[in-house]
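# Coordinate inspection notes
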Amino acid sequence: MFTGIVEEIGTVESVEQGPDGSDARLRVRGPLVVSDAHLGDSISVSGVCLTVTELPGDGTFFADVMPETLRRSALEDVGVSSPVNLERALPVGGRYGGHVVQGHVDGVGTILSRSPGPRWDDVEIGLAPELARYVAEKGSIAVSGISLTVTHVTDESFGVSLIPTTLEATTLGTLAPGARVNLEVDVLAKYTERLLSTAGILR
């Protein structure tokens, strides 16, 4: 479990494709997140929960990316030197600085526009209509692993405002319109819908 508070911007150092190209093995540089990492630990890589499979001891870690993850996320877009948002799993007793983030990407959104303000950017992100129903104004959403507050929402997009810290400390500071981002909606909304539907309240 994560909270969507990015600890550092890492760099993809290598991408090894599987035999048939459907999966991949990433080597990511992230000195902070590997400083106390162990094999089998979970690290959020731009919002995708990946398992540490190798620790060379040089500030990098390896992780396998399965076909399902590549299909559902924007990790298929990364290459050598790509920046990625990194966050270690929340320790027991840790602070919930953002919101409950599982690292299970629900879909891929596209940055439609960004409007710079005096000290912030307003960003509009497109998403699939089937995900829009889980997004609420003033609710939480994880965008490439970053916990953000929704400023407004339509059937096809939503808006967020990025404070100076987010602009400086995450990849969203430099992404231009057209860039794809990983989206994870609030898990509470999905569980609520599931409970109501199985109870026969939603049809």
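Use the structure listed above.
Residues numbered from 1 in each chain as written. Predicted model: local features only at pLDDT ≥ 70, side-chain atom pairs only at ≥ 80, totals over all residues. Heavy atoms only, no water.

### Things to note about the overall build of the protein
Applicable threshold: Under the scheme used here, helices are H or I runs from DSSP no shorter than 4 residues and strands are E runs no shorter than 2 residues, and both carry numbers assigned from the N terminus. We compute the radius of gyration over the C-alpha atoms and compare it with the globule rule, which gives 2.2 Å times the number of residues raised to the power 0.38. The buried label goes to any residue with under 20% of its type's maximum accessible area, the exposed label to any with over 50%, and the partly exposed label to all in between, with areas taken from a 1.4 Å probe on protein chains only. Contacts are assigned to residue pairs that have any heavy atoms within 4.5 Å of one another. Areas reported as accessible are Shrake-Rupley estimates using a 1.4 Å probe. Residue values count occlusion only from the protein chains shown. Positive charges are assigned to Lys and Arg, negative charges to Asp and Glu, while His and the chain termini are left out of the count. Taken as the charge centre is NZ of Lys, CZ of Arg, CG of Asp or CD of Glu, depending on the residue.
If you tally the helices and strands in the protein, you get four helices and twelve strands. In terms of overall dimensions, the protein is globule-like: its C-alpha atoms have a radius of gyration of 17 Å, near the 17 Å expected for 203 residues. Of all 203 residues assigned to the protein, the portion counted as buried reaches 41%. Sequence separation of at least 24 residues holds for 69% of the intrachain contacts in the protein that already meet a minimum separation of 6. Counting only carbon and sulfur atoms, one obtains 53% of the accessible surface of the protein, whose full area is about 10,300 Å². Each charge class in the protein was averaged separately, 15 positive and 27 negative side chains, and the resulting centres sit 4 Å apart.

### Quick notes on helix α4 (residues 187–198)
Residues lying three or four places apart along an α-helix face the same way, a consequence of the helix completing one turn every 3.6 residues. Rules: Here the expected span of a helix is defined as 1.5 Å times the quantity of residues minus one. Nitrogen and oxygen atoms within 3.5 Å of one another constitute a polar contact, given that in protein one can donate a hydrogen and the other can accept it, and given that sequence-neighbouring residues count only through two side-chain atoms.
Over its twelve residues, α4 extends 17 Å from the first C-alpha to the last, a length consistent with the 16 Å expected when each residue adds 1.5 Å. Capping the start of α4, Asp186 holds a side-chain oxygen 3.0 Å from the backbone nitrogen of Leu188, two or three residues further along.

### Some thoughts on the sheet that holds strand β12 (residues 180–185)
Cut-off, in case you're wondering: For two strands to be treated as a pair, DSSP must find at least two bridges joining them. Note on definitions: angles span 0 to 180 degrees between N-to-C directions of axes, and those axes are lines fitted to C-alpha atoms, for helices only across the stretch in contact.
Around the barrel, which closes on itself, the six strands sit in the order β7-β8-β11-β10-β9-β12 with antiparallel pairing between neighbours. Across the sheet, the mean angle separating the axes of adjacent strands is 45° when strand polarity is ignored. With six bridges joining them, strand β7 (residues 107–116) and strand β8 (residues 121–126) adopt antiparallel strand pairing. By the bridge assignment, Thr110 is partnered in β8 with Gly126.

### So, the side chain of Asp121
Tracing the backbone shows Asp121 in strand β8. Among the polar contacts listed, one links the side chain of Asp121 to the side chain of Arg114, at a separation of 2.9 Å. Those residues in contact with Asp121 that sit more than four places away from it in its chain are Arg114, Ser115, Pro116, Val160, Ser161, Leu162 and Leu167.

### Observations concerning the pattern of salt bridges
Selection criterion: Salt bridge criterion: a side-chain nitrogen from Lys or Arg within 4 Å of a carboxyl oxygen from Asp or Glu.
Counted according to the given criterion, the structure contains 13 salt bridges. Notably, a salt bridge pairs Asp77 with Arg180, separated by 2.8 Å at the nearest N-O pair. Taken together, the residues span a long stretch of sequence, with Asp77 in the loop between α1 (67–72) and β6 (83–88) and Arg180 in strand β12 at a distance of 103 residues. Asp106 is the partner of Lys190 in a salt bridge, and the nearest nitrogen-oxygen pair spans 2.8 Å. Taken together, the residues Lys190 in helix α4 and Asp106 in the loop between β6 and β7 connect sequence positions 84 residues apart.

### Quick look at the nonpolar core
Filter applied, for reference: What is meant by a nonpolar core is a set of buried Ala, Val, Leu, Ile, Met, Phe, Trp, Tyr and Cys residues, joined one to another through side-chain atoms within 4.5 Å.
Grouped together as the largest cluster of nonpolar side chains are 22 residues, with contacts concentrated most on Ile125, Val143, Phe158 and Leu172. Secondary structure elements with two or more residues in this core: β8, α2 (129–132), β9 (140–143), β10 (146–153), β11 (157–162) and β12. Leu26, Phe61, Leu70 and Leu86 belong to the second-largest nonpolar core, a separate cluster that totals 21 residues.

### Points about the sheet that holds β6
Taken in spatial order, the six strands line up as β1-β2-β5-β4-β3-β6 and close into a barrel, and their pairing is antiparallel. With direction set aside, neighbouring strand axes in the sheet form an average angle of 45°. Sheet topology places strand β2 (residues 24–29) next to strand β5 (residues 60–65); six bridges connect them, and they run antiparallel. Its bridge partner being in β5, Arg27 is matched across the sheet by Phe62.

### Description of unusual backbone geometry
Its identity is not glycine, yet Lys138 carries a phi of approximately 70°, on the positive side. Within the secondary structure, Lys138 is located in the loop between α2 and β9. With a phi angle near 50°, Ser144 is a residue other than glycine that sits in the positive phi range. Following the sequence through the fold, Ser144 ends up in the loop between β9 and β10. Taking the relative accessible area as the measure of exposure, Ser144 reaches 5% and is therefore buried.

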